[in-house]
Amino acid sequence: MQDSKHRGVSLLHDPLRNKGTAFSAAERDALGLRGLLPPRSHTLAEQERRVLGNIRSKATDLDKYLFLIALQDRNETLFYHVLMNNIEEMMPLVYTPTVGAACQAFGHIYRRPRGMYISINDRGNVREILRNWPHDDVRVIVVTDGERILGLGDLGANGMGIPVGKLSLYTACAGIAPQFCLPVTLDVGTNNRELLDDELYIGLERLRERGDAYDELVQEFIAAAEERFPGVLVQLEDFGNANAFRLLSSLREGHCVFDDDIQGTGAVTLAGIISALRLTGTPLAEQRLLFYGAGQANIGAAAMVVAALREEGVAEEAAREVCWFFDSTGLLVSSRASIPAQKQPYAKDHAPVADLAEAVAAVRPTALIGASGQPGTFTREIVGAMAQHNERPIIFALSNPTANAECTAEQCYNWTGGRGIFASGSPFAPVEYEGRRLVPGQGNNAYIFPGVGLGVITSGARRVTDDMFLAAAHCLSRQVGEEQLQSGQLYPPLAEIRTVCTRIAVEVAGLAWDNGLSDRERPADVAAAVEAMLYDPVYPHYA
Ligand code: NAD
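Quick caveat, the model's predicted, so the values are computed rather than measured.

What counts and what doesn't
Residues numbered from 1 in each chain as written. Predicted model: local features only at pLDDT ≥ 70, side-chain atom pairs only at ≥ 80, totals over all residues. Heavy atoms only, no water. Helix = DSSP H or I, 4+ residues; strand = E, 2+ residues; numbered from the N terminus. Rg over C-alpha atoms; globule rule 2.2 N^0.38 Å. Buried < 20%, exposed > 50% of the residue type's maximum accessible area, 1.4 Å probe, protein only. Contact = heavy atoms within 4.5 Å. Areas by Shrake-Rupley, 256 points an atom, 1.4 Å probe, with all protein chains shown as cover. Core = buried A, V, L, I, M, F, W, Y, C linked by side-chain atoms within 4.5 Å. Pairing = 2+ DSSP bridges. Axes fitted to C-alpha atoms, helices over the stretch in contact; angles between N-to-C directions. Phe/Tyr/Trp six-rings, centres within 6.5 Å; stacked < 30°, edge-to-face > 60°. Near = heavy atom within 4 Å. Polar contact = N/O pair within 3.5 Å; in protein donor to acceptor, adjacent residues only side chain to side chain. Arc of directions from axis to C-beta. Parallel < 35°, antiparallel > 145°, perpendicular 65-115°, else oblique. Left-handed = near helix turned anticlockwise from the far one by under 90°. Nonpolar A, V, L, I, M, F, W, Y, C, P; charged D, E, K, R; others polar. Salt bridge = Lys/Arg side-chain N within 4 Å of Asp/Glu carboxyl O.

## Points about the overall build of the protein
Working step 1: Within the protein, the secondary structure is distributed over 24 helices and 14 strands.
Working step 2: The C-alpha atoms of the protein give a radius of gyration of 24 Å, which matches the 24 Å a tight globule of 543 residues would have.
Working step 3: Considered along the principal axes of its C-alpha atoms, the protein spans approximately 75 × 60 × 55 Å.
Working step 4: When the 543 residues of the protein are sorted by exposure, 60% land in the buried category.
Working step 5: For the protein, long-range pairs separated by at least 24 residues make up 72% of all intrachain contacts whose partners lie at least 6 apart in sequence.
Working step 6: When the accessible surface of the protein is split by element, carbon and sulfur atoms take 48% of a total near 21,500 Å².

What follows is the structure, encoded as structure tokens:
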């Protein structure tokens, strides 16, 4: 006889154990479920078809998102079964771009809590609060303070949609079991006036905390998380610029922490560049990369480019020379007054240039990489100029969601006579160009962070290093086939993401052991250790 938590109505309300109509007759008898479900038993495959029918009948993507989240809340096995089997269709719903719309409307569509909310008023009590979480074996936390949600800015506590979505990708892409994952939002207020004026907003009604109290909350949270969940991996997510760089550099040496917006984006962008260079046939050291936007994404990408060049034996200074930046103040030049620390290595001895088209003319970049949040800024003139001085211009429009992209895939192909090598942050559909089918690459961080996370938790690594992200980038690019590459795809198909993430995990775990970052004994077969960790969304037999 199972305890009351694991039988009857309680069992139907436990999303990790619930099977819905898939409980067999024997299970219904044994678990006190007779009469609580309609008589007919369905298989997981039949349930999947029911779910897909429902999702596809919804009029808007936000309705589809709501349906999926409700499914996740009542039956996680079915949710992940659907997500994994239909990843190309589902990923844009549970993550960018739809999750952006969900976060904007979060207070209005709110139904059930998922994850933990810790507010600035909870300082001094965070340890106690974490004890309320029902699962003791948490291995990955994704935490945000909601200040820079995708390219949408400060959404305060509404940002919770992001840790929830990212962790569902840890499970779907890298097979990390859902009960090992904890989404957290640190609510330190919001400077978004519209949200503060909205009676349905779910967060604190106050402006953002900026002072010592903020740092105290973050430090208390990290310490409490490590105490409650020893060895936990913490992914920093969608923090504002000023805090993201600061937190990463203060936490990375002493804790098992990484920032996906900086390091994850850096690795996925580098992988795209490496794939693109297979098409141009030119070495990385000979590129001139013009990064448009000098925030977390592009600074992270440049750091990875420099790391890749260092690995090839290029000196640090020469490696930095490859990376040019253009931000809201113009071309990043050394004569500019007060340059933040993270941008300083890339400031060039060059006359100031205020206009992007002029910067393209002056720098003559081989690649233009947009992560500015500024839609439509790669104009016909600019993309055309790239095509004039490059046989195969590399154009990445990484800003999310889709409406924020610097240019569309179609524009890139049309304005470069089909020669442009394109990648975006949010997905774009394939484009027919003069009888050819061109398939844009999606530089989705989901190719990187789940595999890195799986490698870290499999090995029990104490730290997350740039070497791990570099290895992940190379591993990702290696998995793009020649035929895929010729059609423009710089990343492997999403349908293969589970294999991709598993391979990345094997490399990352191997590095952790190679570099003495794990106290656990190295298994004879690292790949088998990674495989053994993988969660499969199939129902257990209870009777
Ligand atoms: P951020 O706020 O840290 O940085 C934005 C940068 O853009 C800043 O340097 C800012 O100066 C610059 N900028 C703003 N207006 C500009 C203008 N008019 N001209 C030139 N530069 C301008 O944000 P972030 O984390 O770097 O993200 C930027 C964008 O990249 C977002 O839209 C985000 O969704 C996207 N992103 C994509 C991926 C991906 O494709 N995998 C990953 C992370 C972020």
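## So, the nonpolar core
Working step 1: In terms of nonpolar packing, the biggest core is built from 163 residues, with Ile141, Tyr170, Phe221 and Val305 touching the most fellow members.
Working step 2: If near-sequence neighbours (up to four positions away) are discounted, Tyr170 is found in contact with Val140, Val142, Gly175, Ile176, Cys181, Leu233, Gln235, Phe258, Phe449, Pro450 and Gly453.
Working step 3: Ala357, Ile382, Cys407 and Phe428 belong to the second largest nonpolar core, which has 29 residues in total.

## A closer look at the sheet that holds strand β11 (residues 421-424)
Working step 1: Spatially, seven strands are ordered β8-β7-β6-β9-β10-β11-β14 in an open sheet, and the strand pairing comes out mixed. Strand pairing shows two members of the sheet lacking a second neighbour, β8 (330-331) and β14 (441-442), which therefore form its edges.
Working step 2: The pairing of strand β6 (residues 289-292) with strand β9 (residues 367-370) spans four bridges and is classified as parallel. Its bridge partner being in β9, Leu290 is matched across the sheet by Leu368.
Working step 3: Contacting β6, β7 (323-327) and β8, helix α17 (residues 356-363) runs over the sheet at an angle of about 165° to β6.

## Brief notes about the packing of aromatic side chains
Working step 1: A complete count under the given rule lists twelve aromatic pairs for this structure.
Working step 2: Between Phe325 and Tyr346, the aromatic rings sit 5.1 Å apart at their centres with planes inclined by 50°, giving tilted as the arrangement. Of the two residues, Phe325 sits in strand β7 while Tyr346 sits in the loop between β8 and α17, which places them 21 residues apart along the sequence.
Working step 3: In this structure Tyr346 comes out as buried when scored by relative accessible area, which is 6%.
Working step 4: Of the aromatic side chains, those joined through ring pairs into one cluster are Phe79, Tyr80 and Tyr535.

## Some points on the site of the ligand
Working step 1: Contacts to the ligand come from 24 residues, most closely from Arg148, Asn241, Ala294, Gly443 and Asn445.
Working step 2: One nitrogen or oxygen atom from the main chain of Gly295 is found 3.1 Å from an oxygen atom belonging to the ligand.
Working step 3: Gln296 has a polar backbone atom sitting 3.0 Å from an oxygen atom of the ligand.
Working step 4: Look at the ligand: alone it shows 850 Å² of surface, and the protein chains cover 85% of it.

## Let's talk about α17
Working step 1: Those residues of α17 that sit buried are Leu356, Ala357, Ala359, Val360 and Val363. Here the buried residues of α17 occupy an arc of 160° about the axis, which is enough to place them on one side.
Working step 2: Residue Asp355 occupies the N-cap position of α17, its side-chain oxygen lying 3.2 Å from the main-chain nitrogen of Ala357.

## Things to note about the packing of helix α3 (residues 44-57) against helix α4 (residues 61-74)
Working step 1: Interaxial distance between α3 and α4 falls to 8 Å at its minimum, and their mutual angle equals 150°. Considered as vectors, α3 and α4 are oriented roughly antiparallel to each other. When the axes of α3 and α4 are compared, the crossing they make is right-handed. Contact residues: α3 offers Val51, Asn54, Ile55 and Arg56, while α4 offers Lys64, Phe67, Leu68 and Leu71.
Working step 2: For the contact of α3 with α4, the class distribution of residues is five nonpolar, one polar and two charged.

## Considerations on the pattern of salt bridges
A side chain of one charge can pair with a side chain of the opposite charge when the charged atoms of the two come close.
Working step 1: Taken as a whole and judged by the stated rule, the model has 30 salt bridges.
Working step 2: The partner of Glu89 in a salt bridge is Arg56, and the shortest N-O contact between them spans 2.7 Å. Of the two residues, Glu89 is situated in helix α6 (residues 87-94) and Arg56 in helix α3; the sequence distance between them amounts to 33 residues.
Working step 3: When its relative accessible area of 31% is taken as the criterion, Glu89 is described as partly exposed.
Working step 4: When the shortest N-O distance is used, the salt bridge between Arg498 and Asp536 registers 3.6 Å. Here the residue Arg498 occupies a position in helix α23 (residues 497-514), and Asp536 occupies one in the segment after α24 (526-533), the gap between them amounting to 38 residues.
Working step 5: Each of Asp73, Glu76 and Arg114 takes part in salt bridges that share partners, so that together they form one network.

## Digging into the sheet that holds strand β4 (residues 233-236)
Working step 1: The five strands are arranged β1-β3-β2-β4-β5 in an open sheet whose pairing can be described as parallel. Strand pairing shows two members of the sheet lacking a second neighbour, β1 (116-119) and β5 (257-259), which therefore form its edges. Averaged over all adjacent pairs, the angle separating strand axes in this sheet is 25°, with direction ignored.
Working step 2: Each of β2 (140-144), β3 (181-187), β4 and β5 is contacted by helix α10 (residues 161-174), which is oriented at about 165° to β3, the strand it contacts most.

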